[in-house]
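# Architecture and fold: a report
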Amino acid sequence: MQAPAQMKMKRLAYIDWMRGLACVLMFQTHCYDSWLSPEARKSSSLIVWSQLGGTLPAPLFVFLAGVSFALVTERLREKGIERNAIAKQTLLRGAEVFGMGLLFRVQELALGYPRSPWTDLLRVDVLNILGLSMMLMGVLCWLTASRSHVNSTASRSHVNLAGDGTVAAARIRTLVAAIFVAAIVAMTTPPLWTTHRPKFLPWPIESYINGVHIFGQPQPWLFPLFPWSAFAFAGLAAGFFLFSESAKRREGLMFAALGAAGIIAVALSVFFYSTRIRLYSVYDYCHSNPDFFLLRCGVLLVILFLVYAWCRWGFAQKGFSPIIQLGNTSLLVYWVHIEFVYGRFSILPKKQCGALQATAGLLTIFLAMLGLSLLRTRLKKRKVRASQPSPAVIAATEGS
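Structural notes, computed from the coordinates. Residue numbers restart at each chain and count upward from 1, following the sequence in its written direction. Selection of residues for local features in this predicted model requires a pLDDT of at least 70, selection of side-chain atom pairs for listing and counting requires 80 or more, and totals for whole chains, interfaces and linings are taken over all residues. The side-chain figures draw on all heavy atoms in the structure; neither hydrogens nor water molecules are used.

## Regarding the overall build of the protein chain
By definition, any uninterrupted DSSP run of H or I lasting at least four residues is a helix, any uninterrupted run of E lasting at least two residues is a strand, and each is numbered from the N terminus. Scanning the protein chain from N- to C-terminus turns up 17 helices and 0 strands. For every residue, the accessible area obtained with a 1.4 Å probe (protein chains only) is divided by the maximum for its type, and the residue is called buried under 20%, exposed over 50%, and partly exposed between those limits. Taken across its 400 residues, the protein chain has 48% of its residues classed as buried. In this analysis, two residues are considered to be in contact whenever any of their non-hydrogen atoms come within 4.5 Å of each other. Long-range contacts, defined here as pairs at least 24 residues apart, represent 77% of the contacts in the protein chain between residues at least 6 apart. In short, Shrake-Rupley with a 1.4 Å probe defines the accessible areas, and a residue's cover is counted only from the protein chains shown. Carbon together with sulfur atoms contributes 68% to the accessible area of the protein chain, which is approximately 20500 Å² in total.

See the structure below:
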């Protein structure tokens, strides 16, 4: 029989594998974008396929943040932790990630000085929006949780087993609320980008709403709350669905259901796009339209099912998995690789490489980030072992 920790790892390995997939797609997008020369871009379709793959990492990271947030919140609720304590813990984690986003911008400004403009310090990047989305999800989970909490072990057991218990009811409320918020964010994005822009706000504040930055109009390459936070709430809903007791009993079927829902979402998005009905005066399908958000959510759900199937029935966990390893340290490799691709320490000359040279650089980045990830994991394990008492100390304590 497997140990509980092993069972948990096998059941949740798909989260790390999916996050690792996002890292690999991110590496190739950044490497080819930074290093390929204009001639190589024109003579090869590589950059087109690279940019197509580059549309996935950011939605994957934000979506998985929602899934992981649901997992953490669900476990804390099952332990009977009071909702204010849960909110405090999750809000602090979101604030920590947001602070990392600000620190990352400070680092980029310092390393890019004097070429980097000071306005880059206030640019809305994916870490900023991840942190803010986590804080917003914390508020939502606080609002949908029960005011009462469980104190005794017996009561916790009753709540966990009863389908209509406190935890189950809070889960359903949070799931429905997360879907509702994701839909509202997606639906209000087009006017906030066009006809109803909050121009009265200073541009650093407005940029968090629509990604305007200093350019006078929203920029699709930035990560404002509208629409990006909607991916986090979609992931939150998917997470609470997957971590319910009924889903745990029929896990494979529930993942298949999400995959089927993803296919339906893609079909609906294509159908809405093909109709002549337009809800907004300014129609921008590929950037701000909710139909495109629906398409991307559908793709994410299909990927989620395929990754789950690969981890459960494929070879994802047969021996060492470099993809899972990268997923375990995704924040670290995201942070570090940027400097060696776009920054002052770029390992290849920017905009001067052919396809073969850029591909070799991509392989180098992948291996270097994998090595860094393994080193981080090893140091973390060593730190954990060092903090644990030795067998001799345990024996002496038990004998006293």
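## Topic: unusual backbone geometry
Of the consecutive residues Y113 and P114, the connecting peptide bond is found in the cis state with omega at 5°. A cis geometry characterises the amide bond from F226 onward to P227, with omega recorded as 15°. If you trace the backbone, P227 turns up in helix 10 (residues 225–242). In this structure, H213 takes a positive phi of about 50° despite not being glycine. Within the secondary structure, H213 is located in the loop between helix 9 (203–210) and helix 10.

## Some remarks on the side chain of T29
Summarising the element assignment, T29 is placed in helix 1 (residues 4–35). Judged by relative accessible area, which is 16%, T29 ranks as buried. Polar contacts involving the side chain of T29 include one to the main-chain carbonyl oxygen of L25, which spans 2.8 Å. Dropping the residues within four chain positions of it, T29 is found in contact with S50, G53, G54 and Y342. In protein, a polar contact requires one atom able to donate a hydrogen and another able to accept it; more generally it is a pair of N or O atoms within 3.5 Å, and residues adjacent in sequence count only if both atoms are side-chain atoms.

## Points about the nonpolar core
Core analysis: the largest hydrophobic core is formed by 87 residues, its most contacted members being Y14, F27, F63 and L236. For this core, the element with the highest residue contribution is helix 1, accounting for 14 residues. We define the nonpolar core as a collection of buried residues of types Ala, Val, Leu, Ile, Met, Phe, Trp, Tyr and Cys that are connected through side-chain atoms lying within 4.5 Å of one another.

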